[in-house]
Amino acid sequence: MTAPAAPPPHAPPKPTWDPRAPQRPYPWLRPTIRIRLTLLYGGMFLIAGMMLLTIIYLLAAQALHDLGELPFRFLNVQAQLQLTSDACPQLAGRMDNEELMRRLGECADVQRAQALDELLRSSLLALLGLAVAAFAFGYVMAGRVLSPLGRITRTARTVAGSDLHRRIELEGPDDELKELADTFDEMLDRLDRAFTAQQRFVANASHELRTPLAINRTLLEVQMSDPEASPELQQLGKTLLATNERSEQLVEGLLLLARSENEIVDRKPVDLAEVAGQAVDQARGEAQEKGVELRGVRQPAYVQGNGVLLERVALNLLQNAVRYNLPEDGWVSVSTRAEAGHAVLVVENTGPVVPAYEVDNLFEPFRRLRSERTGSDRGVGLGLSIVRSVVRAHGGAVSAEPREEGGLTVHVVLPV
């Protein structure tokens, strides 16, 4: 398959985050900022409430303790009491003054303790109810405060999916969040202009190069059709035609690469199995010349996209699989299937062993495996780059895995 040579010495690092990566199975378990703010606000209220409750309890206990003894005494009176509560059963019956005063003191202590217990129980219940209300209120308020951050995150995720035209356009007070949103919008404007200018330059350059290349091809074909041309001139013409053809392929690849960087807007139902079948028919002649067997099961799998670009994806993968294969008894398997919410195209082939650390660079422009030169007869080094750009424009993902026996297995996953 089209593979990388050594990377340039000052090449910028490639982003490794994929916006279409699968999400966590339990997103509500994530320690989000909203949850942390809720716990912070609710926890602070709970701690403050517990401290206030402790202070009130201690003050009440101290006040009741400072009351001391009863503020009266019985003098020379024999009393017979009738109990109206079970709090002080020791007061029942006849007793002298000293015994009565002692028992009245004990009863007062018991009632103080019961009053403090009731105060503590009622306060804890009130604190629990207020804590629940505080956590709920804190969760709602944290959501309102952090809602601009959620909008910024959603816009950033959309932009990461190759839609640079989206903007946050946050309204509201001129606070730190609005300043962040405005700064992000300005960055997106600059990125959008830069990418648009780059694509326009590549497209214009490709268009401008088409005309002289077409003229060169015509002149060479006319010269080679001259029956009086010498064998040396005929051989030179064939060499120049081959070079000119490679230049035309390079220009067409650059033009397609520039077009496929944008998200596909005009989408139509496309059967991935039919697209793969057409690619197999186009590559069958080259596969027979190289002795490569074409196989695979192609089940219907419909997606919304551009049929021409998706056919280019399948054809590029198939051509690379055929060209980078074994000299004898090689095979290429092209399969399609429908999964839950996705359509999958799998291209698997035999071939030389591909190191796992070189797989990521296979989809970079003009990169080849090991020391192969771009000037070889296997293409211009843009096949897999175009595949990745087209797949991303359709909102899908492409990945490659080396086979232990040699060759690659490429998976293209597209949303239906």
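Residues numbered from 1 in each chain as written. Predicted model: local features only at pLDDT ≥ 70, side-chain atom pairs only at ≥ 80, totals over all residues. Heavy atoms only, no water.

A. Fine view of the overall build of the protein chain. Counting secondary structure elements, the protein chain contains 7 helices and 9 strands. A total of 416 residues make up the protein chain; the buried ones form 35% of that total. Long-range contacts, defined as pairs at least 24 residues apart, comprise 70% of the intrachain contacts of the protein chain with a sequence gap of at least 6. With the model as given, the accessible surface of the protein chain reaches about 26,000 Å², and the carbon-plus-sulfur share is 58%. (Helix = DSSP H or I, 4+ residues; strand = E, 2+ residues; numbered from the N terminus. Buried < 20%, exposed > 50% of the residue type's maximum accessible area, 1.4 Å probe, protein only. Contact = heavy atoms within 4.5 Å. Areas by Shrake-Rupley, 256 points an atom, 1.4 Å probe, with all protein chains shown as cover.)

B. A look at empty space enclosed by the protein. In this structure the tally under the stated criterion is 2 cavities of 30 Å³ or more. In this structure, the second largest cavity spans a volume of roughly 30 Å³. Taken together, Leu272, Val275, Leu310, Val313, Ala314, Leu345, Val412 and Leu414 form the lining of the second largest cavity. Contributions of two or more residues to the lining of the second largest cavity are made by α5 (272–289), α6 (307–323) and β9 (408–415). It is α6 that provides the largest number of residues to the lining of the second largest cavity, a total of 3 residues. Here the lining of the second largest cavity is built from residues that sort into 8 nonpolar, no polar and no charged. (1 Å grid on protein atoms, 1.4 Å probe; cavity = no way out; pocket = protein on both sides within 12 Å on 5 of 7 lines; lining within 4 Å. Points joined across faces, edges and corners; volume = space filled by probe spheres on them. Nonpolar A, V, L, I, M, F, W, Y, C, P; charged D, E, K, R; others polar.)

C. Structural view of the environment of alanine 283. Along the chain, alanine 283 turns up in helix α5. Classification of alanine 283 as buried rests on a relative accessible area of 3%. Sequence spacing of alanine 283 and leucine 294 is 11 residues, and the spatial spacing of their C-alpha atoms is 9.2 Å. For alanine 283, the residues in contact, after removing those within four places along its chain, are Leu294, Leu315 and Leu318.

D. Fine view of the pattern of salt bridges. All told, the structure shown has 7 salt bridges when counted by the stated rule. A salt bridge links aspartate 281 to arginine 284; its shortest N-O distance comes to 3.4 Å. Taken together, the positions of aspartate 281 and arginine 284, both in helix α5 and 3 residues apart, correspond to about one turn of that helix. Aspartate 281 gets classed as exposed once you look at its relative accessible area, which sits at 52%. (Salt bridge = Lys/Arg side-chain N within 4 Å of Asp/Glu carboxyl O.)

E. Fine view of helix α7 (residues 383–393). Here α7 lies mainly inside the structure; 10 of its 11 residues are buried. Those residues of α7 that fall on the buried side of the exposure criterion are Gly383, Leu384, Ser385, Ile386, Val387, Arg388, Ser389, Val390, Val391 and Ala393.

F. Examining unusual backbone geometry more closely. With a phi close to 55°, aspartate 329 is a non-glycine residue in the positive phi region. Within the element layout of this structure, aspartate 329 appears in the loop between α6 and β6 (330–339).

G. Examining the packing of α5 against α6 more closely. Relative orientation of the contacting elements α5 and α6 amounts to 35°, with a least axis distance of 8 Å. Where α5 crosses over α6, the handedness of that crossing is right-handed. Residues Val275, Ala276, Gln278, Ala279, Val280, Gln282, Ala283, Glu286 and Ala287 of α5 lie in contact with α6, whose contacting residues are Gly307, Leu310, Glu311, Ala314, Leu315, Leu318, Gln319, Val322 and Arg323. Partitioned by chemical class, the residues of the contact of α5 with α6 number 11 nonpolar, 4 polar and 3 charged. (Axes fitted to C-alpha atoms, helices over the stretch in contact; angles between N-to-C directions. Left-handed = near helix turned anticlockwise from the far one by under 90°.)

H. The pairing of strand β8 (residues 397–402), seen in detail. Pairing of β8 with β9, which is carried by 6 bridges, proceeds in the antiparallel orientation. Counted as the bridge partner of glutamate 401 is threonine 409 from β9. (Pairing = 2+ DSSP bridges.)

I. The sheet that holds β8, seen in detail. The mixed open sheet is built from 5 strands, whose spatial order is β4-β6-β7-β9-β8. What marks the edges here is a single partner per strand, and that holds for β4 (292–295) and β8. In this sheet, adjacent strand axes meet at a mean angle of 15° when their direction is disregarded. Examined bridge by bridge, β6 and strand β7 (residues 342–349) share 8 bridges and lie antiparallel to one another. Of the residues in β7, the one forming a bridge with serine 333 is glutamate 348. In the packing of α6 onto the sheet, contacts are made with β4, β6, β7 and β9, and the angle to β7 comes to roughly 20°. Against the sheet, α7 touches β8 and β9, its axis set at about 140° to β8.

J. Seen up close, the confidence of the model for the protein chain. Looking at the protein chain, pLDDT values average 77 and 75% of them are 70 or higher. Here strand β1 (residues 79–81) stands out as the element of the protein chain with the lowest mean pLDDT, 57, in contrast to β7, whose mean of 94 is the highest. The low-confidence segment residues 1–22, where pLDDT is below 50, has 44 contacts with residues more than four positions distant or belonging to other chains. Scored below 50 in pLDDT, residues 371–377 makes 12 contacts in the model with residues more than four places away or belonging to other chains. (pLDDT = per-residue confidence, 0-100.)

K. Spatial organisation of the nonpolar core. Core analysis: the largest hydrophobic core is formed by 41 residues, its most contacted members being Leu317, Leu318, Val332, Val334, Leu345 and Val412. Of all the secondary structure elements, the ones that give two or more residues to this core are α5, α6, β6, β7, α7, β8 and β9. For this core, the leading source of residues is α6, giving 9 residues. Filtering out sequence-adjacent residues up to four positions away, leucine 318 remains in contact with Ala279, Val280, Ala283, Leu294, Val332 and Val334. In this structure, Ile168, Leu170, Phe184 and Leu188 belong to the second largest nonpolar core, which totals 6 residues. (Core = buried A, V, L, I, M, F, W, Y, C linked by side-chain atoms within 4.5 Å.)

L. The arrangement of the pairing of β6 in detail. Relative to β6, β4 is paired through 4 bridges, and the arrangement is parallel. Across the sheet, the residue bridging to glutamate 293 is tryptophan 331, located in β6.

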